[in-house]
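Take a look at the letters that make up each chain.
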Amino acid sequence: MRATFFYQTRSQIAVVLLPVMFGFGCTQPAMRVEPLAPEENACLIWYQKLDKRLSDYELIDPSTAKITGVPFLRANRFLATFRTQSLTDTAYAEWLERMRQLDASLRINETANLPPAAVNDVLGEAPLPGSLDRVLQQCGSRLVKATLRQPEFAPLFRQQIQIPDAYRSWQRIAGAYWLTQFPAKLALKILHKKLAESFTQQLDDLPVQGRLIRYAPAETRQLTANEITAMLRAAYQNPLGIPVLSGEELGRLFNHYAPIWEIDTRNDTDKIGEAVLNDYGEPRIDTRRPVVYQNYAYTRRQGRILLQLIYQIWLPARQKSGLTDLYGGKLDSVIWRITLSPEGAPIAYDSIHACGCYYLLFPGRHYRSISPTDGAEAVLSPKHIDDIKPGQRLLLRFESRTHYLLQTAISAQPGKTPSIRYQTRAYDALLSLPLPDGTRRSLFGPDGIIASSARSECFLLWPFGVPSPGAMRQWGVHAIALTGKRYFDDPYLFEHLLAEDL
């Protein structure tokens, strides 16, 4: 089903919703709804013009879904889950506002990446004076209110929210996926066995090829369990039951759970750094400035919405071991995620490389991994992670060159390895980076993939339908399984992979 708005600006401005039923091969009569006020119509036209400019320059963020006919709202996989739920009027209004805020935050970065003249045009055409942020706030809020005046629109509007599939079905068909999935599952079983070996060893017994460099958070103050519980209890007090925290509160939580990153370092390709763009707009990692990028998300489990804290490091490369190495190449990145219960206790930790590869699951206390129920491949879950007490931090040890996660350990001591203090940045900073000429560009391409980080393994793994497997990619487009389908940001991921201990 699709919906298209037609706008008339003469004596009366009307909005007509025309649903087309592809599944039933018929077209239903158009439904006329309440007309837009002139200022609302002006805002809507401005949104359409802005979308046209962003589309012309291929700047529309690929990690979320645009909604046909409603350019002031956007959905990610989590927000899309509300489309099938029965919502009160208050909760429905809150849902629309969350999608408006998501759209506005993405448009700030998208518009910043336009050429300067186009940015000036966008502001010059705005129906309201002020900054882009102010126009988006006021115009978006007006259009949300107009949508709320049209309750008959809700059932059709919900059906418009479809998150794009990160897998290419035509590739699977052309690549004989029905046959190649079987050797792939065997190869994954062998890989999992190899990756699990290091977790059977003590941290001090792991081999070191270079020298260990430890990166620790600059801020050392942590929270008590009671402070975390009180903070989250208050955060759930909203119509949708989403744990919404202020920027300051999120910062305190991020710092409390911030891990120590310990990397076996042979050369600069094993050092973490800040993502920047060179004179040609190509990504590189400045290892003079160790940075950990922070993001947050939400997931669902047993009817509750849970907060997830996400930490990401970037390295200059996965250095090739030789001419036949299919997996080496420019840039490398590791993502570490913590999922918190409504009381603030970690129920699970999980990790991927930014290619979506090497998924690892570590259940928290009182939880265990289970055989996947989503139809996709098996998951490697090498150990539990016990509760981390105040004054302690989780240490993550990584292998040289491959940057495989080798072991986790709870550490209360500085250790023999001196620490380098890392700085933190918001993940969204990667979506609009400055160029030497004063313009800006996202670290990622229009498809959410960093083209320069492509790996030769893409030819080997082509039949599984994942675009450019091995390449670094943006949050929201991480396919994390070769057989079946699985996404790192799937809001129901832990319904399929995690259970409570009895």
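Calculation rules
Residues numbered from 1 in each chain as written. Predicted model: local features only at pLDDT ≥ 70, side-chain atom pairs only at ≥ 80, totals over all residues. Heavy atoms only, no water. Helix = DSSP H or I, 4+ residues; strand = E, 2+ residues; numbered from the N terminus. Rg over C-alpha atoms; globule rule 2.2 N^0.38 Å. Buried < 20%, exposed > 50% of the residue type's maximum accessible area, 1.4 Å probe, protein only. Contact = heavy atoms within 4.5 Å. Areas by Shrake-Rupley, 256 points an atom, 1.4 Å probe, with all protein chains shown as cover. Lys, Arg positive; Asp, Glu negative; His and termini not counted. Charge placed at Lys NZ, Arg CZ, Asp CG, Glu CD. Pairing = 2+ DSSP bridges. Axes fitted to C-alpha atoms, helices over the stretch in contact; angles between N-to-C directions. Polar contact = N/O pair within 3.5 Å; in protein donor to acceptor, adjacent residues only side chain to side chain. pLDDT = per-residue confidence, 0-100. Core = buried A, V, L, I, M, F, W, Y, C linked by side-chain atoms within 4.5 Å. Salt bridge = Lys/Arg side-chain N within 4 Å of Asp/Glu carboxyl O. Phe/Tyr/Trp six-rings, centres within 6.5 Å; stacked < 30°, edge-to-face > 60°. Lys NZ or Arg CZ within 6 Å of the ring centre and 35° of its normal.

**Describing the overall build of the protein chain**
Turning to step 1, where the next piece is worked out: For the protein chain, the count of helices and strands is 12 helices and 23 strands.
Turning to step 2, where the next piece is worked out: Relative to the globule expectation of 23 Å for 502 residues, the C-alpha radius of gyration of the protein chain, 24 Å, shows essentially globular dimensions.
Turning to step 3, where the next piece is worked out: With the C-alpha coordinates aligned to their principal axes, the bounding extent of the protein chain is approximately 80 × 55 × 50 Å.
Turning to step 4, where the next piece is worked out: Counting over 502 residues, the protein chain shows a buried share of 54%.
Turning to step 5, where the next piece is worked out: Counting only contacts in the protein chain whose residues sit at least 6 apart along the sequence, the fraction spanning at least 24 positions is 67%.
Turning to step 6, where the next piece is worked out: Counting only carbon and sulfur atoms, one obtains 54% of the accessible surface of the protein chain, whose full area is about 22,800 Å².
Turning to step 7, where the next piece is worked out: Counting 57 positive and 50 negative side-chain charges, the protein chain places the averaged centre of each group 2 Å from the other.

**Details of the sheet that holds strand β19 (residues 405-411)**
In any sheet, the strands associate via hydrogen bonds between backbone groups, in a parallel or an antiparallel arrangement.
Turning to step 1, where the next piece is worked out: Spatially, β16-β15-β14-β13-β12-β20-β8-β9-β18-β19 is the arrangement adopted by the 10 strands of the open sheet, whose pairing is mixed. Unpaired on one side and paired on the other, β16 (360-363) and β19 mark the two borders of the sheet. Put simply, the sheet's adjacent strands are angled 25° from each other on average, direction ignored.
Turning to step 2, where the next piece is worked out: As paired elements, strand β12 (residues 291-301) and strand β13 (residues 304-318) share 9 bridges and run antiparallel to each other.

**Concerning the side chain of Arg397**
Turning to step 1, where the next piece is worked out: By the secondary structure assignment, Arg397 is in strand β18 (residues 393-398).
Turning to step 2, where the next piece is worked out: Within the structure, the side chain of Arg397 is placed 2.6 Å from the side chain of Glu262, a separation counted as a polar contact.
Turning to step 3, where the next piece is worked out: Once residues lying within four places of it in the same chain are set aside, the contact partners of Arg397 are Leu203, Leu206, Val208, Leu212, Glu262, Tyr404, Leu405, Leu406 and Gln407.

**A look at the confidence of the model for the protein chain**
Turning to step 1, where the next piece is worked out: Here the protein chain shows a mean pLDDT of 90. Residues at 70 or above account for 92%.
Turning to step 2, where the next piece is worked out: Below pLDDT 50 for its whole length, residues 1-33 participates in 75 contacts with residues either more than four positions away or in separate chains.

**What about the nonpolar core?**
Turning to step 1, where the next piece is worked out: Counting 130 residues, the largest nonpolar core has Trp95, Phe157 and Trp336 as the members making the most contacts within it.
Turning to step 2, where the next piece is worked out: Of the residues forming this core, the biggest block, 9 residues, is contributed by β13.
Turning to step 3, where the next piece is worked out: Residues within four places of Trp95 in sequence aside, it is in contact with Leu79, Phe82, Arg83, Leu87, Phe157, Arg158, Ile161 and Leu240.
Turning to step 4, where the next piece is worked out: If you look at the next biggest cluster of nonpolar residues, it comprises 12 residues, including Tyr177, Leu461, Phe464 and Leu482.

**A look at the pattern of salt bridges**
Turning to step 1, where the next piece is worked out: In the structure shown here, the tally under the stated rule is 26 salt bridges.
Turning to step 2, where the next piece is worked out: For Lys271, the salt bridge is made with Asp268, and the minimal N-O distance between the two is 3.1 Å.
Turning to step 3, where the next piece is worked out: What makes Lys271 partly exposed here is its relative accessible area of 23%.
Turning to step 4, where the next piece is worked out: Two residues, Arg365 and Asp387, come together in a salt bridge whose shortest N-O distance is 3.1 Å. Taken together, the residues Arg365 in the loop between β16 and β17 (367-369) and Asp387 in the loop between β17 and β18 connect sequence positions 22 residues apart.
Turning to step 5, where the next piece is worked out: Since its relative accessible area comes to 45%, Arg365 is described here as partly exposed.
Turning to step 6, where the next piece is worked out: Linked by salt bridges that have partners in common, Asp51, Lys66, Arg74, Asp103, Arg107 and Glu110 make up one network.

**Some words on the packing of aromatic side chains**
Turning to step 1, where the next piece is worked out: Taken as a whole, this structure holds 21 aromatic pairs when the rule is applied.
Turning to step 2, where the next piece is worked out: Taking 5.8 Å as the distance between ring centres and 15° as the angle between the ring planes, the aromatic pair formed by Trp261 and Phe398 counts as stacked. Of this pair, Trp261 sits in strand β9 (residues 260-265) while Phe398 sits in strand β18, placing them 137 residues apart in sequence. Summarising the burial analysis for this pair, Trp261 and Phe398 share the class buried.
Turning to step 3, where the next piece is worked out: For the ring pair Trp336 and Phe362, a centre distance of 5.7 Å and an interplane angle of 50° mean the geometry is tilted. Pair noted here: Trp336 is in strand β14 (residues 329-340) and Phe362 is in strand β16, with a separation of 26 residues, a long-range link.
Turning to step 4, where the next piece is worked out: Residue classification places Phe362 among the buried positions, given a relative accessible area of 0%.
Turning to step 5, where the next piece is worked out: One aromatic cluster is present, formed by Phe78, Phe82, Tyr296 and Tyr298 through successive ring pairs.
Turning to step 6, where the next piece is worked out: Against the face of Phe82 rests Arg300, its NZ or CZ located 4.5 Å from the ring centre.
Turning to step 7, where the next piece is worked out: The ring of Tyr236 has Arg304 sitting right over it, with the charged end atom 5.2 Å from the ring centre.

**With respect to the environment of Tyr215**
Turning to step 1, where the next piece is worked out: As for its position among the elements, Tyr215 is in strand β8 (residues 211-217).
Turning to step 2, where the next piece is worked out: Between the alpha carbons of Tyr215 and Thr408 there is a distance of 14 Å; along the sequence they are 193 residues apart.
Turning to step 3, where the next piece is worked out: Not counting the four nearest positions on each side in its chain, Tyr215 is found in contact with Pro259, Ile260, Trp261, Ile263, Lys271, Ile272, Pro290, Ile420 and Tyr422.

**Overview of the pairing of β13**
Turning to step 1, where the next piece is worked out: Where burial is concerned, most of β13 is hidden: 13 out of the 15 residues are buried.
Turning to step 2, where the next piece is worked out: Hairpin connection between β12 and β13: a loop of 2 residues separates the two successive antiparallel strands, and Gln302 in this loop has a positive phi of roughly 50°.
Turning to step 3, where the next piece is worked out: In this structure, β13 lies alongside β14, joined through 10 bridges in antiparallel fashion. When the bridges of β14 are listed, Leu309 appears paired with Ile338.

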